Amino acid sequence: MMRAGPSQEEIRRHNLGVLLRHVHLGGPTSRAELTSRMGVNRSTIMALTADLTAAGLVREELPKETGRAGRPSLVVRPESARVYVFAFDVGVDRVVAARVGLGGVILDRRDAPRERGPFDLEALTAQLAGFAHQMLRDTAPDAVCVGAAAAIAGGVRAADGMVKYGPNLGAFDVPFGEELARRLDIGLPVAVGNDANLGALAEHTRGVGVGCNDLIYLHGDVGIGGGVIVGGQLLSGHAGYGGEVGHMVVNPGGRLCGCGSRGCLEAEVGERTVLEAAGRAGGDRVGRDAIRAVVEAADRGDVAAQRALQRVGDWLGVGVANLINIFNPEMVIFGGMLRDIFLGSAAQVRSRIAISALAASREGVRLRTSALGDDATLTGAAELAFAGVLADPLEALARVTSN
Amino acid sequence: MSETTSTDLGVTPAGRGAPGSGPSDDARPILELRGVNKSFGPVHVLHDVSFAAYAGEVTALVGDNGAGKSTLVKCIGGIHPIDSGEYLFEGKPVNVHSPRDAAALGIEIVYQDLALCDNLDIVQNMFLGRERKNGIVLDEDTMEQMAAKTLQGLSVRTVKSLRQPVSSLSGGQRQTVAIAKAVLWNSKVVILDEPTAALGVAQTAQVLELVRRLADQGLAVVLISHNMNDVFAVSDRIAALYLGRMAAQVKASDVTHAQVVELITAGRSGDLGLTNGNGGAEGKEAP
Ligand SMILES: Nc1ncnc2c1ncn2[C@@H]1O[C@H](COP(=O)(O)OP(=O)(O)O)[C@@H](O)[C@H]1O
Ligand SMILES: [Mg+2]
């Protein structure tokens, strides 16, 4: 039996999502431009825009300035102040909660340092939910929350958002999303994603990797996470743990890793190794500050710091060369503390790539630092939270407003 | 390998790949010099120098002190007329006799000393010497809008007010203003003479990211730097000058740090660079 083609209604729903995504990612866009980008006719764009406007998702306005003569095409802009999500980011040394408007605008945020030590699910989720409730108080009564999501430095099971492992957070088998949703108590689930995967998504949609369908984002936050985008799709793997390039073994029998193995990329390039190699382990500085201090010391001529950076740069180059050979990416992005490490050891990193990566693959690869910086993972969480409303705007809106 | 680094492995990438398979191999340079000579009186500074810069790419120009980097850049910028050789822009021979000629082609140079006026604000500095273009006199509001748009287009967020005097800015912010000034008029080639030399690590990182962004937006960028990490962090090609001769212009993905250091200090590295007894100093391409 042949499957029937999509119904008119299915096509309309699909197009509503496509249009909303254009405006969400591209900002205010004229009807004329939407018409040509979506390849549908003007009257279809008008009908779709009318539906989205009626739902309060977008607003139509005359453009501020027009260079051309004639009747200006109306500009469709996202209702950023009205439609928003909650995004959370749990890093090793920092937690963030933010209210992010449609269009990707961070409307409000709360940042707090995180103490290193055992993972305290109760305290963490209470803190994050508390931040969200504070922000909720300053929200206009007609504003609608259409989703919530969190980025976390750990491996997340795709099926249920369970954080299976997060050695650098001390988190194992933690029902983080479930608990956060319970405390948040706004009738929405909290989607959870690996921080580097979400960083990859963010750089792909809003950062340095826009228009780049094959990219790898490497996120340094004590350890090293990886997010791999292949053909425009985030690689998740069978159960959701794909792309863990930090646990690629580059040096069998090498340094002990937090995961229990030895010689993982993260063990050879991570924060502990940098600080130990620079003779700064056990100091009072940790995290990004400590890494930056090493790069600064190397710049001032500190020989131990220079050797430490050469060493980790070399291993980082080994890791990236392997990734280049396996994935043939168009771009490799260094984020988190890897931005500082890459810039401080790029000669080493690229020398190793020149030696070890296949010429055909390495010649086209662009090495870049994150454009979203410290907000890459948070931005990715926001995008994850917006996924529902972008997939089927009216249906998603109906769901949240009926609560 | 723990204590060994790739720069002293003695391994070179030569011969590992098919030559000339890179994406930009067929690309035509936007700016090209061929066999350029330049002397100051009896001092012959540039010897048959060839050099190319490509749209969308960062080309690093490296060499020891006195190798002739600044002189080459000043020849490109029309400050020093060349004695002999060809100067091509977008494939066509051009005559560049003054900075005005260079600017008319869309070539801008940010010199080491930046030449900003401390007592003027950011907007005034960005339009200094340019208040009139094509006979149009710009009013202050338009200038401020253009300055703001340029800085925004470069994703520069570190400057608080466009009306603060340049004297109140950090070294990195001054460099940023100088670069923004260079790209304000839709320039096509931007040349930066040691933009990070006087900066700390954090500001260097910001300037390097700005340099990369300029190229990613389609400009041809030439970056002079002594810092090999800076060079390898952002460049697509590396041109090494040695005693006034172009030792080699290679793709950054094809060479190691050790090879570039050899090109700088000895003019050659393996089969790269100047050949012995070569008076004409033909720069050989990378394998
Ligand atoms: N105006 C000049 N008159 C005479 N000699 C000059 C002049 N400018 C540069 N030189 C000489 O040219 C050589 C190259 O200098 P320069 O281009 O500044 O090198 P770099 O920028 O690579 O350090 C040096 O020997 C320098 O003394
Ligand atoms: Mg100089």
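Sequence order as written defines the numbering, with residues in each chain counted from 1. Here chains are named by letter from A upward and ligands by number from 1 upward, in the order in which they appear as written. Confidence filtering applies because this is a predicted model: local features only for residues at pLDDT of at least 70, side-chain atom pairs given and counted only at 80 or more, and all residues used for totals across whole chains, interfaces and linings. Think of the side-chain values as coming from all heavy atoms in the structure, minus any hydrogens and water.

1. Some words on the overall build of chain A
Move 1: Numbering goes from the N terminus for both helices and strands, where a helix is a DSSP run of H or I of at least four residues and a strand is a run of E of at least two. A tally of regular secondary structure across chain A gives 14 helices and 16 strands.
Move 2: Relative to its length of 403 residues, chain A is compact, with a C-alpha radius of gyration of 23 Å against a globular reference of 22 Å.
Move 3: C-alpha extents for chain A along the principal axes are approximately 65 × 55 × 50 Å.
Move 4: Burial classification: accessible surface area is computed with a 1.4 Å probe over protein chains only, and a residue below 20% of its type maximum counts as buried, one above 50% as exposed, and the rest as partly exposed. Here chain A holds 403 residues, and 54% of them are scored as buried.
Move 5: Restricting to contacts in chain A with at least 6 residues of sequence separation, those with at least 24 account for 64%.
Move 6: In the structure as shown, chain A presents an accessible area of about 16600 Å², 52% of it carried by carbon and sulfur atoms. Each radius of gyration is computed over the set of C-alpha atoms, and the globule rule expresses the reference value as 2.2 Å times the number of residues to the power 0.38. Should any heavy atoms of two residues lie within 4.5 Å, those residues are considered in contact. Each accessible area value is a Shrake-Rupley result obtained with a 1.4 Å probe; residue values ignore everything except the protein chains displayed when judging cover.

2. Here we look at the nonpolar core
Move 1: Think of a nonpolar core as a cluster: buried Ala, Val, Leu, Ile, Met, Phe, Trp, Tyr and Cys residues, connected wherever their side-chain atoms sit within 4.5 Å. Counting residues in each nonpolar core, the largest one holds 100 residues, and the members touching the most others are A:Leu218, A:Phe334, B:Val62, B:Met126, B:Phe127 and B:Ile238.
Move 2: The element contributing the most residues to this core is helix α10 (residues 303-327) of chain A, with eleven residues.
Move 3: Not counting residues within four places of it along the chain, the set of residues in contact with B:Val62 comprises B:Lys69, B:Ser225, B:Met228, B:Val231, B:Ile238, B:Ala239, B:Ala240, B:Leu241, B:Val260 and B:Ile264.
Move 4: Residues A:Met38, A:Val58, A:Val144 and A:Ala382 belong to the second largest nonpolar core, which totals 70 residues.

3. A word on the packing of helix α4 (residues 121-137) of chain A against helix α5 (residues 176-184) of chain A
Residues and elements named next belong to chain A.
Move 1: Taken N-terminus to C-terminus, the directions of α4 and α5 make an angle of 45°; their axes are 9 Å apart at the nearest point. With respect to α5, the element α4 is oriented oblique. Judged by the sense of rotation from one axis to the other, the crossing of α4 with α5 is right-handed. For the pair α4 and α5, contact is made by Leu121, Glu122, Leu124, Thr125, Ala126, Leu128, Ala129, Ala132 and His133 and by Phe176, Glu179, Leu180, Arg183 and Leu184, respectively.
Move 2: Nonpolar residues are Ala, Val, Leu, Ile, Met, Phe, Trp, Tyr, Cys and Pro. Charged residues are Asp, Glu, Lys and Arg, and all others, Gly as well, are polar. Taken together, the residues of the contact of α4 with α5 sort by class into nine nonpolar, two polar and three charged. Lines fitted to C-alpha atoms define the axes, with helix axes restricted to the stretch in contact, and inter-axis angles between N-to-C directions lie between 0 and 180 degrees. Angle categories are assigned with fixed cut-offs, so that under 35 degrees is roughly parallel, over 145 is roughly antiparallel, 65 to 115 is roughly perpendicular, and the rest are oblique. Working rule for handedness: look at the near helix, and if it is turned counterclockwise from the far one by less than a right angle, call the crossing left-handed; if clockwise, right-handed.

4. Thoughts on the site of ligand 1
All names here are of chain B.
Move 1: Any residue with a heavy atom positioned within 4 Å of a molecule or strand is treated as near that molecule or strand. Residues in close proximity to ligand 1 include Phe40, Val45, Asp64, Asn65, Gly66, Ala67, Gly68, Lys69, Ser70 and Thr71, which together make up its full environment.
Move 2: For this analysis, a polar contact is any N or O atom pair within 3.5 Å, provided that within protein one partner can donate a hydrogen and the other can accept it, and provided that sequence-adjacent residues contribute only side-chain to side-chain pairs. At 2.8 Å, a backbone N or O of lysine 69 approaches an oxygen atom of ligand 1.
Move 3: Burial of ligand 1 by the protein amounts to 58% of the accessible area it has alone, namely 560 Å².
Move 4: When residues of the shell around ligand 1 are assigned to their parent elements, the largest contribution, three residues, is made by helix α1 (residues 69-76).
Move 5: Residue composition of the shell around ligand 1, grouped by class: three nonpolar, five polar and two charged.

5. Quick notes on the pattern of salt bridges
Move 1: Each salt bridge in this description consists of a side-chain nitrogen of Lys or Arg and a carboxyl oxygen of Asp or Glu lying within 4 Å of one another. Per the counting criterion, the structure on display carries 47 salt bridges over all chains.
Move 2: Between A:Asp314 and A:Arg352 there is a salt bridge, with the nearest N and O atoms lying 3.0 Å from each other. Taken together, the residues A:Asp314 in helix α10 and A:Arg352 in helix α11 (residues 337-356) connect sequence positions 38 residues apart. The exposure classification of A:Asp314 matches that of A:Arg352, with both residues buried.
Move 3: Between B:Asp118 and B:Arg174 there is a salt bridge whose closest N-O contact spans 2.8 Å. In this pair, B:Asp118 sits in the loop between β6 (107-110) and α3 (122-127) while B:Arg174 sits in helix α5 (residues 171-183), placing the two residues 56 residues apart along the sequence.
Move 4: Residue classification places B:Asp118 among the partly exposed residues on the basis of a relative accessible area of 39%.
Move 5: One salt-bridge network, held together by shared partners, links A:Arg288, A:Arg292, A:Arg339, A:Asp340, A:Asp374 and B:Glu209.

6. Remarks on the sheet that holds strand β8 (residues 155-156) of chain A
Each strand in a sheet pairs with another by means of backbone hydrogen bonds, the pair being arranged parallel or else antiparallel.
Residue and element names in this part refer to chain A.
Move 1: Two strands are counted as paired when DSSP detects at least two bridges linking them. Read from one edge of the open sheet, three strands run β8-β9-β10, paired in antiparallel fashion. Pairing within the sheet leaves two strands with one partner each, and these edge strands are β8 and β10 (171-174).
Move 2: Looking at chain direction, strand β9 (residues 163-166) and β10 are connected through three bridges and run antiparallel. Bridge pairing links glycine 166 to alanine 171 in β10.

7. Quick word on the pairing of strand β12 (residues 245-251) of chain B
All names here are of chain B.
Move 1: Counting buried positions over the seven residues of β12 gives six, a clear majority of the element.
Move 2: In terms of strand pairing, strand β11 (residues 237-242) meets β12 through six bridges, oriented antiparallel. Bridge pairing in β12 places isoleucine 238 opposite valine 250.

8. Focus on the sheet that holds strand β14 (residues 233-234) of chain A
All names here are of chain A.
Move 1: Taking strand neighbours across the sheet as the criterion, the five strands line up as β14-β13-β12-β15-β16 in an open arrangement whose pairing is mixed. At either end of the open sheet lies a strand with only one pairing partner, and these are β14 and β16 (366-369).
Move 2: As paired elements, strand β13 (residues 223-230) and β14 share two bridges and run antiparallel to each other. Bridge pairing in β14 links isoleucine 229 to leucine 234.

9. Examining the domain arrangement of chain A
Residues and elements named next belong to chain A.
Move 1: Structurally, chain A comprises domain 1 (8-65 + 72-78), domain 2 (83-197 + 377-389) and domain 3 (209-371).
Move 2: For domain 1 and domain 2, the distance between their C-alpha centroids amounts to 30 Å.
Move 3: At the junction of the two partners, domain 1 supplies six residues and domain 2 supplies seven residues.
Move 4: A buried area of about 590 Å², summed over both sides, lies between domain 1 and domain 2, and 67% of it is on carbon and sulfur atoms.
Move 5: A simple way to read buried area is as the amount of 1.4 Å-probe accessible surface that goes missing from two parts once joined, with both sides added. Contact with domain 2 buries area across many residues of domain 1, yet Leu20, His24 and Leu57 alone supply 71% of it, more than any other trio.
Move 6: For the pair domain 1 and domain 2, the number of links is two residue pairs in polar contact (both at pLDDT 80 or more).
Move 7: The biggest single contributor to the side of domain 1 that touches domain 2 is helix α1 (residues 8-26), with three residues. Each domain's limits were defined by an automated method or a database of domain assignments.

10. A few points about the side chain of A:Asn15
Residues and elements named next belong to chain A.
Move 1: Position of asparagine 15 among the secondary structure elements: in helix α1.
Move 2: The exposure class assigned to asparagine 15 is buried, which follows from its relative accessible area of 14%.
Move 3: Setting aside anything within four residues of it in sequence, one finds asparagine 15 in contact with Met38, Val40 and Leu48.

11. Focus: helix α4 (residues 140-153) of chain B
All names here are of chain B.
Move 1: Any helix carries an expected span of 1.5 Å times its number of residues minus one. Along its 14 residues, α4 runs 20 Å from first to last C-alpha, staying within 8% of the 20 Å computed at 1.5 Å per residue.
Move 2: For α4, every residue scored as buried is listed here: Met143, Ala147, Thr150 and Leu151. In a view along the axis of α4, the buried residues occupy a sector of 95°, so they form one face of it. Of the exposed residues in α4, the ones pointing more than 90 degrees away from its buried face are Asp141, Gln145, Lys149 and Gln152.
Move 3: The elements touched by buried residues of α4 are α3 and α5. Arc definition: it is the arc formed by the directions from the helix axis to the C-beta atoms.

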